[in-house]
Amino acid sequence: MSVKIALAGNPNSGKTTLFNALTGSNQFVGNWPGVTVEKKEGKLKGHKDVVIMDLPGIYSLSPYTLEEVVARNYLINERPDAILNIVDGTNLERNLYLSTQLMELGIPVIMAVNMMDVVRKNGDIIHMKQLGRKLGCEVVEISALKGEGIDVAAEKAVKIARGKYAEAPVHKFSEAVERGLEEIETYLSPAIQEEQRRFYAIKLFERDDKIKGNLAAAPDVEHIIDRLEKEEDDDAESIITNERYSYITSIIDGCYQRKYKGDMSAS
Ligand code: BGO
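A quick note: this is a predicted structure, and the numbers were derived from the prediction, not measured.

Rules of the game
- Numbers given to residues run from 1 along each chain, matching the order in which its sequence is written.
- In view of the model being predicted, local features appear only for residues whose pLDDT reaches at least 70, and side-chain atom pairs are presented and counted only at 80 or more, with totals across whole chains, interfaces and linings using the full set of residues.
- By convention in this description, side-chain values take in all heavy atoms of the structure and omit both hydrogens and water.
- Put simply, a residue is near a molecule or strand once any heavy atom of it comes within 4 Å of that molecule or strand.
- N or O atoms within 3.5 Å of each other form a polar contact, as long as, within protein, one can give a hydrogen and the other can take it, and as long as residues adjacent in sequence are counted only when both atoms are side-chain atoms.
- To be clear on the numbers: accessible area is Shrake-Rupley with a 1.4 Å probe, and residue cover counts the displayed protein chains and nothing else.
- Per the convention used, a helix needs a DSSP run of H or I reaching at least four residues, while a strand needs a run of E reaching at least two, with both numbered from the N terminus.
- In the scheme used here, Gly and all other residues not listed as nonpolar or charged are polar, with Ala, Val, Leu, Ile, Met, Phe, Trp, Tyr, Cys and Pro taken as nonpolar and Asp, Glu, Lys and Arg as charged.
- Only buried residues count toward a nonpolar core, which is a set of Ala, Val, Leu, Ile, Met, Phe, Trp, Tyr and Cys residues joined through side-chain atoms within 4.5 Å.
- Relative accessible area decides the class of each residue, using a 1.4 Å probe on protein chains only: under 20% of the type maximum gives buried, over 50% gives exposed, and in between gives partly exposed.
- It only takes one pair of heavy atoms within 4.5 Å for two residues to be counted as in contact.
- Strand pairing is assigned whenever DSSP identifies at least 2 bridges connecting the two strands.
- Angles shown run from 0 to 180 degrees and are taken between the N-to-C directions of axes, each axis being a line fitted to C-alpha atoms and, for helices, limited to the stretch in contact.
- The term salt bridge refers to a pairing of a side-chain nitrogen on Lys or Arg with a carboxyl oxygen on Asp or Glu at a separation within 4 Å.

## Things to note about the site of the ligand
Okay, step 1: Looking at the ligand, there are 15 residues lining it, with Asn12, Lys15, Thr16, Thr17 and Asp117 nearest.
Okay, step 2: At 2.7 Å from an oxygen atom of the ligand is found a main-chain nitrogen or oxygen belonging to asparagine 12.
Okay, step 3: At a separation of 3.0 Å, an oxygen atom of the ligand approaches a polar backbone atom of alanine 144.
Okay, step 4: For the ligand, whose unbound accessible area comes to 740 Å², protein coverage reaches 54%.
Okay, step 5: Secondary structure elements with two or more residues in the shell around the ligand: helix 1 (15-23) and helix 4 (116-121).
Okay, step 6: In terms of residue count, the dominant contributor to the shell around the ligand is helix 1 (three residues).
Okay, step 7: Here the shell around the ligand is built from residues that sort into five nonpolar, eight polar and two charged.

Here's what the structure looks like:
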């Protein structure tokens, strides 16, 4: 059975380097329909039945740039069998912002922490097992440039894609937000699959109009959003963003040991 793996990550995370290493000359390049955003896909070397779809480099799944819209629509509508999320290990904190969102889609995720040659050279340490445990997904260290770890990452992505097994996200928002999201979920059409309900609830909470447009009948949940905004004294989108950042900070604290902290204030 053929499977599709989407390669997703921030710009400059090494996505192109990894894509080229995984697919070699076995690539097809075009544009995403209706837009001038490059679309690249290729067969995974040694696997005739595994297609790697290279998504545009993005920082978030919010629908503010063309690239974000293209990547998000692909993930929601085409639902690849797995996501290979490449993150820049020298910039873990910033890159995890996208990862937290990818993990909410209900699609199996493998994380490849790239630039490990640089991380090691800097004397920094990333505790991969702990990172994986905290994120609720498998984490593999790689250097796309040197070709290190990429076969392991690819094999794990193929395995998880064939298994169609998405771990439930381990991250929970604050109690109040979780209650609100649960309530929103009850308003969603039963036609929406179980593994996608959380994603849609979060997007409805954020008043994401493009997602509303995607739903056959978007429920009116404004009273729930209003109530939470009053309780939290913040707007819905900021509530979610802040929750993501505090979650990421809690992850980084236990998993990333920097040799030099780079404290600029001491100068
Ligand atoms: C330049 N290790 C190291 N050290 N570098 C890496 C690795 C890695 O594992 N992976 C990627 N890079 P893209 P996006 C460059 O182009 O794949 C480097 O945007 C340069 N170019 O070689 O393009 C990679 O597709 C001149 O670096 O990322 C590239 O995600 C001087 O990270 C950059 C130095 O990789 C971005 C680097 C003219």
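## As for the nonpolar core
Okay, step 1: Core analysis: the largest hydrophobic core is formed by 62 residues, its most contacted members being Met111, Leu131 and Leu135.
Okay, step 2: The element contributing the most residues to this core is helix 11 (residues 236-255), with eight residues.
Okay, step 3: Non-local contacts of leucine 135, meaning those with residues more than four positions away in its chain, are made with Leu96, Met103, Met111, Val170, Tyr247 and Ile251.
Okay, step 4: Counting residues in each nonpolar core, the second largest holds 24 residues, with Leu44, Val50, Ala82 and Ala157 among its members.

## Describing the environment of aspartate 54
Okay, step 1: Relative to the helices and strands, aspartate 54 resides in strand 4 (residues 50-54).
Okay, step 2: Looking at aspartate 54, the relative accessible area reads 6%, which means it is buried.
Okay, step 3: Each C-alpha atom, one on aspartate 54 and one on leucine 7, is 4.9 Å from the other, the two residues being 47 residues apart in sequence.
Okay, step 4: If we ignore the near neighbours within four places in the chain, the residues touching aspartate 54 are Leu7, Lys15, Phe19, Trp32 and Lys40.
Okay, step 5: Side-chain polar atoms of aspartate 54 contact the side chain of lysine 15, separated by 2.7 Å.

## What to know about the sheet that holds strand 6 (residues 109-114)
What links the strands of a sheet is backbone hydrogen bonding, and the strands pair in either a parallel or an antiparallel sense.
Okay, step 1: Taken in spatial order, the seven strands make up an open sheet running 2-3-4-1-5-6-8, and their pairing is mixed. A strand with exactly one partner marks an edge of an open sheet, and here the two such strands are strand 2 (27-31) and strand 8 (138-141). Going across the sheet, the axis of each strand differs from the next one's by a mean of 25 degrees, ignoring polarity.
Okay, step 2: Bridging between strand 3 (residues 38-43) and strand 4 involves four bridges; their strand directions are antiparallel. Looking at strand 4, one finds that lysine 43 is bridged to valine 51.
Okay, step 3: Its contacts with the sheet put helix 3 (residues 92-102) on strand 1 (3-9), strand 5 (82-88) and strand 6, and the angle it makes with strand 5 is roughly 165 degrees.

## Comments concerning the pattern of salt bridges
Okay, step 1: If you walk through the whole model with that rule in mind, you get 17 salt bridges.
Okay, step 2: Notably, a salt bridge pairs lysine 212 with aspartate 209, separated by 3.9 Å at the nearest N-O pair. Placement of both lysine 212 and aspartate 209 in helix 9 (residues 209-214) is noted, with a separation of three residues, approximately one turn of the helix.
Okay, step 3: A relative accessible area of 58% places aspartate 209 in the exposed class.
Okay, step 4: A salt bridge links glutamate 231 to arginine 227; its shortest N-O distance comes to 3.7 Å. In this pair, glutamate 231 and arginine 227 are both assigned in helix 10 (residues 222-232), four residues apart and thus about one turn of the helix distant.
Okay, step 5: If you follow the salt bridges from partner to partner, you end up with Arg207, Glu222, Asp226 and Glu229 in one network.

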